[in-house]
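# Tertiary structure, described
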Amino acid sequence: DTAVSQTPKYLVTQMGNDKSIKCEQNLGHDTMYWYKQDSKKFLKIMFSYNNKELIINETVPNRFSPKSPDKAHLNLHINSLELGDSAVYFCASSQGNNSPLHFGNGTRLTVT
Amino acid sequence: EDQVTQSPEALRLQEGESSSLNCSYTVSGLRGLFWYRQDPGKGPEFLFTLYSAGEEKEKERLKATLTKKESFLHITAPKPEDSATYLCAVQAPGSYIPTFGRGTSLIVHP
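Residues numbered from 1 in each chain as written. Chains lettered and ligands numbered in written order. Predicted model: local features only at pLDDT ≥ 70, side-chain atom pairs only at ≥ 80, totals over all residues. Heavy atoms only, no water.

### Concerning the interface of chain A and chain B
Which entries qualify depends on this criterion: Any two residues having at least one pair of non-hydrogen atoms within 4.5 Å are treated as being in contact. Here's the idea: put two parts together, see how much 1.4 Å probe accessible area each one loses, and the total over both is what we call buried area. One speaks of a salt bridge when a side-chain nitrogen belonging to Lys or Arg is within 4 Å of a carboxyl oxygen belonging to Asp or Glu. Polar contacts, as used here, are pairs of N or O atoms within 3.5 Å; protein pairs need one atom able to donate a hydrogen and one able to accept it. Residues neighboring in sequence count only if both atoms are side-chain atoms. Each residue gets one label: Ala, Val, Leu, Ile, Met, Phe, Trp, Tyr, Cys and Pro are nonpolar, Asp, Glu, Lys and Arg are charged, and the others, such as Gly, are polar.
The partner chain B presents 21 residues to the 21 residues of chain A that form the contact. Taken over both partners, the interface formed by chain A and chain B buries close to 1,900 Å², and the fraction arising from carbon and sulfur atoms is 57%. A per-residue breakdown of the area chain A buries against chain B is headed by Phe42(A), Asn97(A) and Asn98(A), which together make up 31% of the total. Along the contact surface separating chain A from chain B lie 0 salt bridges. Summed over the shared surface of chain A and chain B, the number is 6 residue pairs in polar contact (both at pLDDT 80 or more). In terms of residue class, the side of chain A that touches chain B is built from 11 nonpolar, 7 polar and 3 charged.

Have a look at this one:
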């Protein structure tokens, strides 16, 4: 059973389009995250939700909007895509503060 | 200023050649230090959590240790399947999220 699953795995789109990435976890965790990994493998936090409530929103353009319909799902919607948005986006979950993260296998977004 | 610095950036070893990866951190009152392994095309996979100086954790050929300023991931007699990027993350007091280092890319040649 996949613990944290993301779809799609690959996403190729043109500048200006709007796209969404979905994430689901079946671990029963209360906290979910979105990270962005750049070409040099650096993982940078974007958002964190605890029990459907936003608790962390790092300096991310307003074009990125997370949505958590329930505590098992955290989706990422991106408006007006730009070339610089190309990266791998990882969803993760954890039992709570100071617990290890469980990551999905990432969504590679390419904006042309 | 980076709170977490990993070195070396890349490491090439021969099979059986033991070595160590370093993760140094600047946070005070560390709440936890995490090691992850990331394979190409996959998400990071949790390896260890260390909470206090002097603590050690082991798993197969890997051993993680922690001091007040750094952590080491010792790899004993590595095999080609140990090739991956190893990431370190620290949890600071008052922070809800761990901060990641930039990783060490390890290649083990047969």
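After that view of the structure, there is still more to cover.
### Thoughts on the state of the cysteines
Quick reminder of the rule: Only a pair of cysteine sulfur atoms within 2.5 Å qualifies as a disulfide here. Here a helix means four or more residues in a row that DSSP labels H or I, a strand means two or more in a row labelled E, and each is numbered from the N terminus. Think of it in three bands: residues with accessible area under 20% of the maximum for their type are buried, residues over 50% are exposed, and the middle band is partly exposed, with areas taken using a 1.4 Å probe on protein chains only.
A full pass over the atoms with the stated rule returns 2 disulfides over all chains. What pairs with Cys23(A) in a disulfide is Cys91(A), and their sulfur atoms sit 1.8 Å apart. On the sign convention where negative is left-handed, the bridge of Cys23(A) and Cys91(A), at about -75° about the S-S bond, is left-handed. Placement of the pair is Cys23(A) in strand E3 (residues 19-25) and Cys91(A) in strand E9 (residues 87-94), with a sequence separation of 68 residues. Cys91(A) matches Cys23(A) in its accessibility class, with the two residues each being buried. Across the disulfide, Cys23(B) is cross-linked to Cys88(B) (sulfur-sulfur distance 1.9 Å). Since a negative S-S torsion denotes a left-handed disulfide, the Cys23(B)-Cys88(B) link at about -60° is left-handed. With Cys23(B) in strand E3 (residues 19-25) and Cys88(B) in strand E9 (residues 84-91), this pair connects stretches of sequence that are 65 residues apart. Cys88(B) carries the same exposure label as Cys23(B), and that label is buried.

### Remarks on the environment of Arg102(B)
All names here are of chain B. Counting through the fold element by element, arginine 102 comes out in the loop between strand E10 (99-100) and strand E11 (104-109). With a relative accessible area of 42%, arginine 102 lands in the partly exposed category. Separated by 96 residues in the primary sequence, arginine 102 and glutamine 6 place their C-alpha atoms 6.4 Å from one another.

### Describing the sheet that holds E3(B)
All names here are of chain B. Applicable threshold: Here the rule is simple: two strands pair whenever DSSP picks up at least two bridges between them. Structural elements are reduced to axes, namely lines fitted to C-alpha atoms, with helices fitted over the stretch in contact, and the angle between N-to-C directions of any two is expressed from 0 to 180 degrees.
Strand order in this open sheet of 5 strands is E1-E3-E8-E7-E6, and the pairing throughout is antiparallel. The sheet is open, and its two borders are formed by strand E1 (4-7) and strand E6 (56-59), each paired with just one other strand. Mean inter-strand twist for the sheet, computed between neighbouring axes without regard to direction, equals 15°. Where E1 and E3 come together, 4 bridges link them in antiparallel fashion. Paired with serine 7 across the strands is asparagine 22, a residue of E3.

### Some points on the pairing of E6(B)
All names here are of chain B. Judged from the 4 bridges that link them, E6 and strand E7 (residues 62-66) form a sheet pairing that is antiparallel. The residue bridging glutamate 58 from the neighbouring strand is lysine 63, located in E7. The hairpin formed by E6 and E7 contains 2 residues between the paired strands, and glutamate 60 there has a positive phi angle of roughly 55°.

### Topic: the side chain of His29(A)
Residues and elements named next belong to chain A. Mapped onto the elements, histidine 29 comes out in the loop between E3 and strand E4 (31-37). For histidine 29, the side chain forms a polar contact with the side chain of serine 93, separated by 2.8 Å. Discounting residues that sit within four places of it in the chain, histidine 29 has contacts with Lys71, Ser93, Ser94, Gln95 and His102.

### What to know about a positive patch on the surface
The cut-off we apply is this: Like charges within 9 Å and nonpolar side chains (Val, Leu, Ile, Met, Phe, Trp, Tyr) within 5 Å are joined into patches, using only residues over 30% in relative accessible area that form no salt bridge. Throughout, the Shrake-Rupley method with a 1.4 Å probe supplies accessible areas, and for residues the shown protein chains are the sole cover considered. We treat Lys and Arg as the positive residues and Asp and Glu as the negative residues; His and chain ends play no part in the count. Think of each charge as sitting on NZ of Lys, CZ of Arg, CG of Asp or CD of Glu.
Together, Lys9(A), Lys41(A), Arg108(A) and Lys42(B) make up a positively charged patch on the protein surface. Looking at where Lys42(B) falls in the secondary structure, it is placed in the loop between strand E4 (32-38) and strand E5 (45-50). For Lys42(B), a relative accessible area of 43% translates into the label partly exposed.

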